[in-house]
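Topology and contacts: notes
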Amino acid sequence: MAGGSSFSSSSSSQCLSYAGCNFLRQRLVLATLSGRPLKIRKIRAREEDPGLRDFEASFIRLIDKVTNGSRIEINQTGTTLYYQPGLLYGGSLEHDCSPSRSIGYYLESLLCLAPFMKHPLKIVLRGVTNDQVDPSVDNLKATALPLLKKFGIDGEGLEIKINRRGMPPKGGGEILFSCPVRKVLQPIQFTDPGKIKRIRGTAYSVRVSPQMANRMVESARGILNKFLPDIYIYTDHMKGVSSGKSPGFGMCLIAETINGTFLSAELASNPQGQGTAVLPEELGQNCAKLLLEEIYRGGCVDSTNQSLALLLMTLGQQDVSKVLLGPLSPYTIEFLRHLRSFFQIMFKIETKSPEEEHKGGEKMPAF
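The name given to the protein chain in an unreviewed UniProt entry is RNA 3'-terminal phosphate cyclase-like protein, with Cairina moschata as the source organism. What UniProt states about the protein chain under its Function (unreviewed entry) heading is, verbatim, "As part of the small subunit (SSU) processome, it plays a role in 40S-ribosomal-subunit biogenesis in the early pre-rRNA processing steps at sites A0, A1 and A2 that are required for proper maturation of the 18S RNA. Activates BMS1 by promoting GDP/GTP exchange. Does not have cyclase activity." Of the protein chain, the UniProt comment under Subcellular location (unreviewed entry) reads exactly: "Nucleus, Nucleolus".

Here the focus is the overall build of the protein chain. In terms of helices and strands, the protein chain carries 10 helices and 17 strands. Relative to its length of 367 residues, the protein chain is compact, with a C-alpha radius of gyration of 21 Å against a globular reference of 21 Å. Expressed along its principal axes, the backbone C-alpha trace of the protein chain runs to roughly 60 × 50 × 45 Å. Counting the 367 residues in the protein chain, one finds 54% classified as buried. Considering only contacts within the protein chain whose residues lie at least 6 apart along the sequence, 73% involve residues at least 24 apart.

Quick look at the packing of aromatic side chains now. The tally for this structure, following the rule as stated, stands at 7 aromatic pairs. Here F23 and Y331 contribute two aromatic rings whose centre-to-centre distance is 6.1 Å and whose plane-to-plane angle is 45°, an arrangement assigned as tilted. Taken as a pair, F23 in the loop between β1 (16-19) and α2 (24-34) and Y331 in helix α9 (residues 330-343) lie far apart in primary sequence, 308 residues in all. Taking 4.8 Å as the distance between ring centres and 70° as the angle between the ring planes, the aromatic pair formed by Y232 and Y234 counts as edge-to-face. The ring of F55 carries the charged tip of R101 above its face, separated from the ring centre by 5.0 Å.

Another aspect to go through is the pairing of strand β7 (residues 91-96). Remember that side chains alternate between the two faces of the sheet whenever the strand is regular. As defined by bridge partners, β7 adjoins strand β8 (residues 121-127) across 6 bridges and the pair is classed as parallel. From the neighbouring strand, H95 faces β8, where its bridge partner is L125. You can see the chain leave β7, run along helix α4 (residues 103-113) and come back into β8, and the turn it takes is right-handed.

The subject of this paragraph is the pattern of salt bridges. Under the counting rule described, the total for this entry stands at 21 salt bridges. One salt bridge in this structure joins R53 and D49, with 3.7 Å as the shortest N-O distance. Of the charged contacts in the structure, one is a salt bridge between R215 and E281, with a shortest N-O distance of 2.8 Å. Of this pair, R215 sits in helix α6 (residues 211-224) while E281 sits in helix α7 (residues 280-297), and the two are 66 residues apart along the sequence. Through salt bridges with shared partners, a single network forms among E94, D96, R126, R164 and E174.

Conventions we followed
- Residues numbered from 1 in each chain as written.
- Predicted model: local features only at pLDDT ≥ 70, side-chain atom pairs only at ≥ 80, totals over all residues.
- Heavy atoms only, no water.
- UniProt positions renumbered as here; feature names shortened; annotations may be inferred.
- Helix = DSSP H or I, 4+ residues; strand = E, 2+ residues; numbered from the N terminus.
- Rg over C-alpha atoms; globule rule 2.2 N^0.38 Å.
- Buried < 20%, exposed > 50% of the residue type's maximum accessible area, 1.4 Å probe, protein only.
- Contact = heavy atoms within 4.5 Å.
- Phe/Tyr/Trp six-rings, centres within 6.5 Å; stacked < 30°, edge-to-face > 60°.
- Lys NZ or Arg CZ within 6 Å of the ring centre and 35° of its normal.
- Pairing = 2+ DSSP bridges.
- Right-handed = clockwise from strand over helix to strand, strands pointing away.
- Salt bridge = Lys/Arg side-chain N within 4 Å of Asp/Glu carboxyl O.

Okay, here's the thing in structure tokens:
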């Protein structure tokens, strides 16, 4: 149940200690929001190339930019990190993300922090907008923003704008993320996803033939039209400076239900010079199948945004919030453990069998 007691000053000053490089973002974000100091040891201590990677160092620099008065100490080899969080400050910022991970890696955490800043956040992020590892900017724009609105975080100031696309390995993309400050969140009762009413999507191509996007759309529609007539997939072909530094193409599909649930799936082509070339027809078909799989898993929040929903429930008012999730991802399970460590908050989780729900995979109502 997300309604634990608030922190006493003695518990918030205790330093939490972890070992290993896993879930670094979760730990830094929750330390910042709870105000608890954090020490992480043995970061890849046994590897040939020990310590923090460049994308993790870039993430730590980003946390330092959005806060005021944070203390960050890293030892010479980069295997131990001490972090004492400062005040979440916000304001107008810029950050160059490491091209080895996409902007989504950084944006996911900013979505968690932005509503609780002192000043509204307006930040320009540069780097890779779409890759095969992290949620793309298109995906977060289409699924995470409506989720924030459910908790009362909305208004003119909430937007994600893609100025330039950038594909790996060189990147060159640029996005603008702005978010208003909302210290008090609305509790939610979000347990009925409802039926799918429409599918929207974006097929993008940069530094390749614009025909690639049309071929992806055709093959995806071939599968999805069997289930639903209301499908519209935009083609987005950026030219010149807007197309970044590397060629590539990909697709992001969003299913919207009658109750305002957004479920997403996405795929991107292999980075230039890595792996075999992917046919756009194949990519379109596979992306459509991934969307059907996500719909089968169901829930009111897709697997990308499970942890964001749980965090906003934790930081909301004392009223009980309820949400229905599909099967919990390993990342979400670890996130629930971290919430217990940082905020002393436990969720009550029940499992609903597919028979009870009449459709899809196992569901997890959390409240």
